[in-house]
Each structure stands twice: as C-alpha cells, then as structure tokens.
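Results of the structural survey
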Amino acid sequence: MEPCVNSKSRETCMLKLWNKYRISNIPSLIFLDATTGKVVCRNGLLVIRDDPEGLEFPWGPKPFREVIAGPLLRNNGQSLESSSLEGSHVGVYFSAHWCPPCRSLTRVLVESYRKIKEAGQKFEIIFVSADRSEDSFKQYFSEMPWLAVPYTDEARRSRLNRLYGIQGIPTLIVLDPQGEVITRQGRVEVLNDEDCRGFPWHPKPVLELSDSNAVQLNEGPCLVLFVDSEDDGESEAAKQLIQPIAEKIIAKYKAKEEEAPLLFFVAGEDDMTDSLRDYTNLPEAAPLLTILDMSARAKYVMDVEEITPAIVEAFVNDFLAEKLKPEPI
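Residues numbered from 1 in each chain as written. Predicted model: local features only at pLDDT ≥ 70, side-chain atom pairs only at ≥ 80, totals over all residues. Heavy atoms only, no water.

Moving on to the pattern of salt bridges. For the structure on display, the rule yields 15 salt bridges. Linked by salt bridges that have partners in common, Arg-49, Asp-50, Glu-56, Lys-62, Glu-154 and Arg-162 make up one network. (Salt bridge = Lys/Arg side-chain N within 4 Å of Asp/Glu carboxyl O.)

This part takes up the environment of Pro-61. Here Pro-61 lies in the loop between α2 (44-50) and α3 (64-68). Judged by its relative accessible area of 61%, Pro-61 is exposed. Residues contacting Pro-61, with those up to four places away along its chain left out, are Val-40 and Leu-163. (Helix = DSSP H or I, 4+ residues; strand = E, 2+ residues; numbered from the N terminus. Buried < 20%, exposed > 50% of the residue type's maximum accessible area, 1.4 Å probe, protein only. Contact = heavy atoms within 4.5 Å.)

Our focus in this paragraph is the domain arrangement of the protein. By the assigned domains, the protein splits into domain 1 (16-60), domain 2 (64-192) and domain 3 (207-328). Each of domain 1 and domain 3 has a C-alpha centre, and these two points are 29 Å apart. Counting residues at the interface gives six residues for domain 1, matched by 13 residues for domain 3. Summed over both sides, the interface between domain 1 and domain 3 buries roughly 780 Å², with carbon and sulfur atoms accounting for 31% of that surface. Connecting domain 1 to domain 3 are one salt bridge. Linking domain 1 to domain 3 there are one residue pair in polar contact (both at pLDDT 80 or more). Among the residues making up the side of domain 1 that touches domain 3, the classes are represented as no nonpolar, one polar and five charged. (Domains from an automatic or database assignment. Buried area = accessible area lost by both parts, 1.4 Å probe. Polar contact = N/O pair within 3.5 Å; in protein donor to acceptor, adjacent residues only side chain to side chain. Nonpolar A, V, L, I, M, F, W, Y, C, P; charged D, E, K, R; others polar.)

Structure representation (structure tokens):
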C-alpha cells in the first residue's frame with residue numbers, strides 16, 4: 001500500500017484497510033505478522049484483556065482442538081470431554097439470550113440440528129455464550145439440544161472468540177472433522193437451507209442475493225450482477241457466467257492464505273433488490289454489472305447491452321488494480 005500523503009489519500013487508505021480486514025465495528029485491533037503481512041489475530045482487544053502481560057505473545061492462532069479442550073455441558077447437567085467431538089463436523093455457535101436475532105436463529109437451528117442428526121450425519125454444535133449472567137445462560141441453554149462451553153469458563157469462551165475474530169452475534173462457524181473452517185456464514189446457510197440438503201455448507205463461489213444473505217453486502221466490496229428474473233433461466237445463466245471468474249479469484253487468494261477481496265452475487269427482481277437499487281441509486285437496466293462497496297459508500301457500474309465473461313473479468317481486474325473511478329452511493 002502506498003504512503004498516505006494527504007487527507008483524501010488517508011481516507012482512501014483507511015477504507016482499504018477496513019475492507020481488507022473486514023472490519024464491521026470499532027474499536028478493532030488486529031495483529032499482523034510484519035514479515036508476511038498475514039493476520040495473526042483478529043480480536044486483539046480480547047488478547048490485551050486476557051493476556052495483559054503478553055505471556056502468550058505473539059498470539060498466533062491455535063488449533064481448534066487445543067482451544068476447545070476441556071469439559072463441555074449438556075443442558076441436563078451431563079458433562080462430556082471435548083474429545084467426544086472427534087470425527088464430527090462442528091458448529092461453533094456464538095449467541096446470547098438478550099439478542100433477539102440470536103433467539104430467532106436458535107429456533108431455526110434447533111430444527112436444522114435435529115434434521116442433520118436424523119439423517120445420520122456426525123454433527124455437534126457448541127454454544128459459546130455471550131450472556132450477561134449465568135442465570136441467563138442457563139435459561140437460554142435449556143432450549144438447546146447441543147453442547148456448551150461452561151459459562152464459568154470465561155477464559156475458554158474468550159479464546160474461542162479470539163480464534164474466530166467474532167465481531168457480532170449471532171455467528172455460526174462450521175468446521176470439518178479436522179477442525180478447519182468450512183464456512184463462517186453458518187447463520188446464512190441455515191436460514192437459506194431449511195432442509196439442510198447442502199450440509200456442511202461448503203461456500204458457493206456465487207450466491208443468489210436474498211433477504212437472509214444481504215447482510216454480507218456490508219462485509220466488503222461485492223460484485224452484484226442484476227438480471228431480469230422473470231426469465232426462468234436468467235439467474236442460473238448469470239451464475240454460470242461469473243462463476244469461473246469468482247472461482248479464479250477465490251483460488252488465487254486462498255493460495256496466499258488470504259480472504260478473497262470480493263464476494264459475488266446474482267440479484268433477480270424482488271422487493272429487496274428494488275430497495276438495494278433505490279438505496280444505491282442504480283439504473284433499472286438489466287443485466288447490470290456492478291461492484292458495491294457499502295463501507296466506502298462507493299459503487300462501480302458497467303451498463304452494457306451484453307455481459308460476457310471477458311467483460312466481467314476485465315471489470316474485476318480493473319477494480320482490483322484500482323483503475324475504476326468510484327461513484328458515490
């Protein structure tokens with residue numbers, strides 16, 4: 001990143017950093033490896049609180065098995081060792097009773113958990129409470145058929161928050177049997193897949209924009225291809241058009257152990273899409289190729305009669321190379 005030499009460039013630099021590290025609230029403190037530039041810890045504020053003397057420096061990520069090690073509870077008081085999770089997919093559920101969206105998600109998640117277990121899948125959920133008292137934790141946990149980190153084990157709850165850089169709740173992280181992250185968007189997947197047919201929900205390169213996943217538009221720059229969904233095959237054709245470009249970008253950054261700098265969506269015609277067009281002051285044209293950067297309140301628009309893979313790839317590459325001029329949202 002080039003040095004910031006004036007107020008305008010400083011603002012640009014700050015927005016780049018917000019997008020690069022997917023900052024959704026402040027204050028936030030992220031620790032980096034100065035040699036590689038890779039993220040060491042996303043939740044530095046918890047690190048400082050939990051390790052004020054720096055005994056665990058440099059606070060690098062630890063394996064899930066190491067962080068979760070210890071007893072886990074069922075709501076009937078039964079205690080199990082974390083080793084019972086071996087061979088299972090695991091959902092790490094950060095939630096709290098005082099949070100209305102959490103309670104709504106929990107009701108859906110209970111049914112999803114039941115369906116996955118009845119299908120014979122090895123799956124367990126671990127509740128990591130953000131409740132403000134043990135009584136609230138117990139009341140909320142009584143509704144859950146899965147496991148929990150004991151409320152009194154504040155250190156382990158904090159380490160799990162640090163491990164996954166939790167910035168808000170509810171958050172459901174889905175892990176494979178080796179403890180590697182499959183998706184951080186478990187909440188969206190559960191709400192979009194009531195029958196759990198896509199479990200364990202490996203990320204799709206291109207998503208169809210919906211009420212439940214629209215929150216991801218706030219996580220960083222998003223390519224959104226608006227189409228006329230009155231044509232039954234239009235949305236699927238649009239996905240197939242941009243999927244190779246999305247896969248190429250995702251693979252490139254995965255090889256560098258970095259998150260992709262763009263999310264990819266196809267948007268049809270519905271009330272939510274109409275609201276998004278109105279909010280971002282986009283033309284009614286379809287197809288319409290855009291990149292929306294909500295945190296920077298900026299948009300990039302390519303309004304052409306025909307959108308081809310070459311046009312999409314050039315548009316994405318020019319954006320990543322900072323060759324496109326943004327329009328304000």
